[in-house]
Amino acid sequence: AGPCDIYASGGTPCIAAHSTTRALYSSYNGALYQVQRGSDKAKTDIKPLSAGGVANAAAQDSFCNNTTCLITIIYDQSGRGNHLTQAPPGGFKGPEANGYDNLASAIGAPVTLNGQKAYGVFVSPGTGYRNNAASGTAKGDEPEGMYAVLDGTHYNQYCCFDYGNAETSSLDTGNGHMEAIYFGDCTSWGSGAGSGPWIMADLENGLFSGLSSGKNTNDPPISYRFTTAVVKGRPNQWAIRGANAASGSLSTFYSGVRPSASGYNPMSKEGAIILGIGGDNSISAQGTFYEGAMTSGYPSDATENAVQANIVAAKYATTSLTSGPSLTVGSSVSLRVTTSSYTDRYLAHNSSSAIITQAVSASSSSTLKQQATWIVRTGLGGGNSGCFSFESRDTPGSYMRHYDFALRLGTNDGTKQFAEDATFCPQTALNGLSADSSIRSWNYPTRYVRHYANVAYVAGNGGVHMFDAAASFNDDVSWVVASGFA
Ligand code: AHR
Ligand code: AHR
Ligand code: AHR
């Protein structure tokens, strides 16, 4: 059985079932998600390997070979057509054309389930999916349940990495107009014990960790690499539950009456579905989603416990985020441009901490040689991702990082933001040459280290910035990584 077979036997069937990693019904063999590739904009559906099985990641890998791919649709497996697509502008605009949110990279969150490779949905700030015309979702004070499997190490303090029920207008229409799982360490409204991250309920104009607005210490920090998050609500009752998605059982962090703050009892749920954003399209949060579902009716704890056992049996595990030529921590490297007419240029910082490409050769000054030399370090951010950071040869303690998508040299200030901005995951080069590498940003997997007009960025393959230009993208993001000059 799959999670949604279990919810159905409990009398609380799924009305939305979303997963890029596996079928959530034992008989489901339809499309899980759609990807679009950058090279020719063609789209394809990714299905399970067999009914009820794990996604066919190999089909994605071959379709996306030597180009980039975005997740364009996360299909609803429930049969209701509650698919998630690129979120439109709402109270806040997204970064894409016409205020739409970004789509997630198809390769940002590789994992294995029972040893088989699959990809999750890595949500960077700016990324969001939505369905404002969902059918069968809870309205008003109707009962519902929901769960999601998330990466408990990928989060931030901004609003709001959510999955669940939200406004159909993409606007903040008032207290009680949402009921969604929130994950992260935002403290603008509520918080739990310690410093987070926490599972909370986004009920609109408030992230709730328990009975009262504000801090509820019964809601513990939870950061398992694979975390199960549960929120459910019915008239004057709701609950938050959580677990390690790789072992053990669910704990209940809150179960009780609705908040006394005005507007939350009764609820005024509207029934849209969001992923990665707040109800009003707040787009500043990050997180990773692997699977989740929403139900009609308030699931029993026993039903959810059986869903958790099913998730554990799916055996989520980590896998490598890198590919292509390997890098050795502690080695000194240079990165040479491969775009024709520019192949004498190397990635180098200048005297004002910008990172650009400069022509460097054996006869260059030792200053320039050092500016074009980087020491490979274990990735400062992203946990044990196997990705890397690049420390400046001439400025120890300073690293290659992006800021506003421009690469620059920055002093490691010890923040999580710096660490994540300074972490890069080398990939098989998009130019198709096995000796070269393309180097993607850890926290913006759609973005690769690129030179454009001889200035370095983390760039997407087609997008709103001039440096995202599709022309010459594959060559501009492919580098020869060789021994450092100094
Ligand atoms: O409730 C927290 C957030 O407040 C909601 O997600 C958003 O719609 C509003 O800004
Ligand atoms: O480079 C993109 C973002 O810009 C970085 O993640 C952040 O530090 C800055 O705001
Ligand atoms: O960085 C040099 C060139 O500038 C890139 O190859 C091209 O994309 C841009 O015009």
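Residues numbered from 1 in each chain as written. Chains lettered and ligands numbered in written order. Predicted model: local features only at pLDDT ≥ 70, side-chain atom pairs only at ≥ 80, totals over all residues. Heavy atoms only, no water.

Asks: Can you explain the layout of surface pockets? Please cite residues and give values.
Replies: Empty space within the second largest pocket amounts to approximately 400 Å³. Taken together, 19 residues make up the lining of the second largest pocket; nearest its centre are P125, Y158, Q417, D421 and Y444. Mapped by element, the contributors of at least two residues to the lining of the second largest pocket are β26 (398-403) and α5 (416-421). Counting residues per element, the lining of the second largest pocket draws most heavily on α5, at four residues. Of the residues contributing to the lining of the second largest pocket, the split by class is five nonpolar, eight polar and six charged. (1 Å grid on protein atoms, 1.4 Å probe; cavity = no way out; pocket = protein on both sides within 12 Å on 5 of 7 lines; lining within 4 Å. Points joined across faces, edges and corners; volume = space filled by probe spheres on them. Helix = DSSP H or I, 4+ residues; strand = E, 2+ residues; numbered from the N terminus. Nonpolar A, V, L, I, M, F, W, Y, C, P; charged D, E, K, R; others polar.)

Asks: Can you explain the pairing of strand β10 (residues 144-150)? Please cite residues and give values.
Replies: Burial runs high along β10: seven of the seven residues are buried. Burial along β10 is two-sided: E144, M146, A148 and L150 facing one way and G145, Y147 and V149 facing the other are all buried. Taken together, the seven bridges between β10 and strand β15 (residues 227-234) define a ladder with antiparallel strand orientation. Bridging from a neighbouring strand, A148 pairs with A229 of β15. Relative to strand β19 (residues 287-295), β10 runs antiparallel, the two sharing five bridges. Each bridged residue has a counterpart across the sheet, and for A148 the counterpart in β19 is G292. (Buried < 20%, exposed > 50% of the residue type's maximum accessible area, 1.4 Å probe, protein only. Pairing = 2+ DSSP bridges.)

Asks: Which residues make up the state of the cysteines, and what values do they have?
Replies: A complete count under the given rule lists four disulfides for this structure. For C64, the disulfide goes to C69, at an S-S distance of 2.1 Å. Around the S-S axis, the bridge from C64 to C69 shows a dihedral of about -95° and counts as left-handed. Here C64 and C69 have matching classes, each one buried. One disulfide in the model links C159 with C160; its S-S distance is 2.1 Å. Across the S-S bond of C159 and C160 the torsion is about -100°, and the bridge reads as left-handed. Taking only the cysteines that form disulfides and numbering them from first to last, the chain has the pattern 1-2, 3-4, 5-6, 7-8. No disulfide involves C186; its nearest neighbouring cysteine sulfur is the one of C160, lying 5.5 Å away. Given a relative accessible area of 1%, C186 falls into the buried group. (Disulfide = S-S within 2.5 Å.)

Asks: Please provide a residue-by-residue account of the environment of Q286, values included.
Replies: As for its position among the elements, Q286 is in the loop between β18 (272-275) and β19. For Q286, a relative accessible area of 3% gives the class buried. Q286 sits 131 residues away from Y155 along the chain, and the two C-alpha atoms are 5.2 Å apart. Look past the residues within four positions of Q286 in its chain and what remains in contact with it is V123, S124, P125, H154, Y155, N156, F161, K416, E420 and N443. Engagement of the side chain of Q286 in a polar contact is seen with the backbone oxygen of Y155, the distance being 2.9 Å. (Contact = heavy atoms within 4.5 Å. Polar contact = N/O pair within 3.5 Å; in protein donor to acceptor, adjacent residues only side chain to side chain.)

Asks: How would you summarise the site of ligand 2 if you had to cite specific residues and measurements?
Replies: Neighbouring residues of ligand 2: R401, H402, Y403, D404, F405, Q417, D421, N443 and Y444. In the model, an oxygen atom of ligand 2 is placed 2.5 Å from a nitrogen or oxygen of the H402 side chain. For ligand 2, whose accessible area on its own is 280 Å², the fraction buried by protein is 83%. Taking a 2 Å distance to the grid points as the criterion, the majority of the atoms of ligand 2 fall inside the second largest pocket. Secondary-structure elements contributing two or more residues to the shell around ligand 2 are β26 and α5. (Near = heavy atom within 4 Å. Areas by Shrake-Rupley, 256 points an atom, 1.4 Å probe, with all protein chains shown as cover. Sits in = over half its atoms within 2 Å of the grid points.)

Asks: Please give an account of the packing of aromatic side chains that cites residues and values.
Replies: Tallying each qualifying case throughout the model produces 15 aromatic pairs. Measuring from centroid to centroid gives 5.4 Å for F226 and Y316, while their planes differ by 35°, and the two rings are tilted. Here Y316 lies in strand β20 (residues 316-318) and F226 lies in the loop between β14 (207-208) and β15, a separation of 90 residues in the sequence. A relative accessible area of 5% means that F226 is categorised as buried. With a centroid separation of 4.1 Å and 10° between ring planes, the pair formed by Y457 and F467 is classed as stacked. (Phe/Tyr/Trp six-rings, centres within 6.5 Å; stacked < 30°, edge-to-face > 60°.)

Asks: An account of the pairing of strand β31 (residues 455-459) is requested, with residue identities and associated values reported.
Replies: When you tally the buried positions in β31, you get four out of five residues, the bulk of the element. With five bridges connecting them, strand β30 (residues 448-452) and β31 associate as antiparallel partners. The residue of β31 that forms the bridge with Y448 is A459.

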